[in-house]
Amino acid sequence: MLIKTKKNYQLSENEVTAEPVYHDRRQVLKKMGYLGAGTLLAQSASANPLDFFSNKPDKVFAQRALSFQPAGESSQIWTPEAKVTTHNNFYEFGTNKSDPVENAQGFNVNPWQLSISGEVDKPYTLGYDDLFTRFDLEERIYRLRCVEAWSMVIPWIGFSLAEVIKKAAPNSRAKYVAFETLYDPKQMPGQASRRLGGGVQYPYVEGLRIDEAMNPLTLLSVGLYGKTLPAQNGAPIRLVVPWKYGFKSIKSIVSIKLVEKKPPTSWNILAANEYGFYANVNPEVDHPRWSQASERRITSGGLFARNRIATLPFNGYGEDVADMYKNMDLKVNY
Ligand code: MTE
């Protein structure tokens, strides 16, 4: 998909990062073939599983002194790649932030099969290579806001979920989209152990309403920082829904199914009063155990950094998404 009109989510690289980094990245992307012909535009043993999600800052990622202008895109600095790939939530590989990078290194993603099925006229399946060749790849720099009240700015590579869905020709009964992560306890130790997997019922499942799924912001990502996705970030393909809390952005997807009824979602199954189906970022609706009014932006910082910023409604993407919820009470539909 060639993007012709620039929306505020399609930030140009030099708007968000320092010049030298910008040039290095251009080189990397060029090598990978993303550039040219405009394509670039183109605590684990706890008894209560709910303790695993927490908003407590962790020591490893203490931050440098930097204050951000939350609304000013041009002042946003990418979260360093080393943090994006070592501070993860991927409970299939353990509940501590450093577990995924440690436990996912042997994760074999090729061959892979992703099926697009359900209420569609033309179901189909994508293999590993298809993930990188069937759709035009583009880079999107998005903020990721975790429900635990930390956030990052990440340069993703991928394509709109809408493109994938359109190809399957959904029928009129397709009202929701249900997503499923790979179930493979041999490769994913958190699925084999309730303790390591945080009590989540596997496979991890997520869902969107059809209009949310078709919104051009909704991305299927196959890479970040100009490279294919590391295992711990959800290789080979994961969802990124930037106006919703991070738990909606399901990783290592094997099934996208168009369905008639609202599908079950993993964190909602575990604690419905804490994690809703919609999970739109909302500074006015607190999590029952902590405030959502502000967030800790993860940067390259050291200790004692001033990196707490105000959380924006819809994570700052309201212009593109608020209309979808104009008749809904967002306190009820959290
Ligand atoms: N997908 C699966 N399958 N399993 C998970 O545990 N964690 C979610 C989401 N997707 C998760 C998942 C949560 S809580 C967040 S915040 C994001 O992935 C984190 O993505 P990242 O590790 O790439 O930053």
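Caption draft 1: Spotlight on unusual backbone geometry. That bond from Asn110 to Pro111 is cis: its omega, 15°, falls within 30 degrees of zero. Structurally, the position occupied by Pro111 is in the loop between helix H4 (99–103) and strand E1 (113–118). In this chain, Ala235 is followed by Pro236 through a cis amide linkage whose omega measures -5°. For Pro236, the position within the fold is in the loop between strand E8 (227–228) and strand E9 (238–240). Here the phi dihedral of Ala149 falls at roughly 75°; this positive angle occurs in a residue that is not glycine. One non-glycine residue, Tyr225, lies in positive phi territory at about 50°. Position of Tyr225 among the secondary structure elements: in the loop between strand E7 (219–224) and E8. For Tyr225, a relative accessible area of 10% corresponds to the buried category.

Caption draft 2: Just the sheet that holds strand E5 (residues 176–181), in detail. Read from one edge to the other, the open sheet built from five strands follows the order E2-E1-E10-E5-E6, with strand pairing classed as mixed. Each edge of the open sheet carries a strand with a single partner, namely strand E2 (124–127) and strand E6 (205–209). For this sheet, the mean inter-axis angle between neighbouring strands, taken without regard to orientation, is 15°. Sheet topology note: the E5/E6 ladder contains five bridges and is antiparallel. Residue pairing for E6: Phe179 is matched across the bridge by Glu206.

Caption draft 3: The packing of aromatic side chains, seen in detail. Considering all chains together, one arrives at 14 aromatic pairs under this definition. With a centroid separation of 5.8 Å and an interplanar angle of 75°, the aromatic rings of Tyr142 and Tyr317 are classed as edge-to-face. One end of the pair, Tyr142, is in strand E3 (residues 138–145); the other, Tyr317, is in the loop between strand E12 (308–310) and helix H10 (318–321), with 175 residues separating them in the sequence. The class for Tyr317 is buried, based on a relative accessible area of 2%. With 5.5 Å between their ring centres and 80° between their planes, Phe247 and Tyr275 make a pair best called edge-to-face. Remark: Tyr275 occurs in the loop between helix H9 (266–270) and strand E11 (294–297) and Phe247 occurs in the loop between E9 and strand E10 (253–259); sequence separation between them is 28 residues. Neither Phe247 nor Tyr275 differs from the other in exposure class; each is buried. Each residue in the set Tyr176, Phe277, Tyr278, Phe314 and Tyr325 is aromatic and connected to the rest through ring pairs, giving one cluster.

Caption draft 4: A look at the pattern of salt bridges. For the structure on display, the rule yields twelve salt bridges. Note that Glu148 is salt-bridged to Lys97, the shortest N-O span being 3.2 Å. Of this pair, Glu148 sits in the loop between E3 and strand E4 (150–160) while Lys97 sits in the loop between helix H3 (81–84) and H4; the two residues are 51 residues apart in sequence, bridging distant segments of the chain. Classification of Glu148 by relative accessible area gives buried; the value is 1%. Look at Lys97 and you get buried, because its relative accessible area is 16%.

Caption draft 5: Quick look at the site of the ligand. The environment of the ligand is formed by 17 residues, the closest being Asn88, Tyr91, Glu92, Ser249 and Lys251. Here an oxygen atom of the ligand sits 2.8 Å away from a polar atom, N or O, in the main chain of Tyr91. Looking at the shell around the ligand, its residues break down into eight nonpolar, six polar and three charged.

Caption draft 6: Quick peek at the side chain of Asn307. Within the fold, Asn307 resides in the loop between E11 and E12. In this structure the side chain of Asn307 is engaged in a polar contact, spanning 2.9 Å, whose partner is the backbone oxygen of Arg297.

Caption draft 7: Seen up close, the pairing of E2. On E2, burial follows the alternation: Tyr124 and Leu126 on one face are buried, whereas Thr125 and Gly127 on the facing-out side are not. Summarising the sheet, E1 and E2 pair through four bridges and their orientation is antiparallel. Opposite Ile116, over in E2, you have Tyr124 as the bridge partner. Hairpin connection from E1 to E2: five residues lie between these consecutive antiparallel strands.

Caption draft 8: Inspection of the pairing of E7 at higher detail. When you tally the buried positions in E7, you get six out of six residues, the bulk of the element. Taken together, the five bridges between E4 and E7 define a ladder with antiparallel strand orientation. What sits directly across from Ser160, in E7, is Leu219. As defined by bridge partners, E7 adjoins E8 across two bridges and the pair is classed as antiparallel. Across the sheet, Gly223 pairs through a bridge with Thr228, a residue of E8.

Reading the values: the criteria
Residues numbered from 1 in each chain as written. Predicted model: local features only at pLDDT ≥ 70, side-chain atom pairs only at ≥ 80, totals over all residues. Heavy atoms only, no water. Helix = DSSP H or I, 4+ residues; strand = E, 2+ residues; numbered from the N terminus. Buried < 20%, exposed > 50% of the residue type's maximum accessible area, 1.4 Å probe, protein only. Pairing = 2+ DSSP bridges. Axes fitted to C-alpha atoms, helices over the stretch in contact; angles between N-to-C directions. Phe/Tyr/Trp six-rings, centres within 6.5 Å; stacked < 30°, edge-to-face > 60°. Salt bridge = Lys/Arg side-chain N within 4 Å of Asp/Glu carboxyl O. Near = heavy atom within 4 Å. Polar contact = N/O pair within 3.5 Å; in protein donor to acceptor, adjacent residues only side chain to side chain. Nonpolar A, V, L, I, M, F, W, Y, C, P; charged D, E, K, R; others polar.

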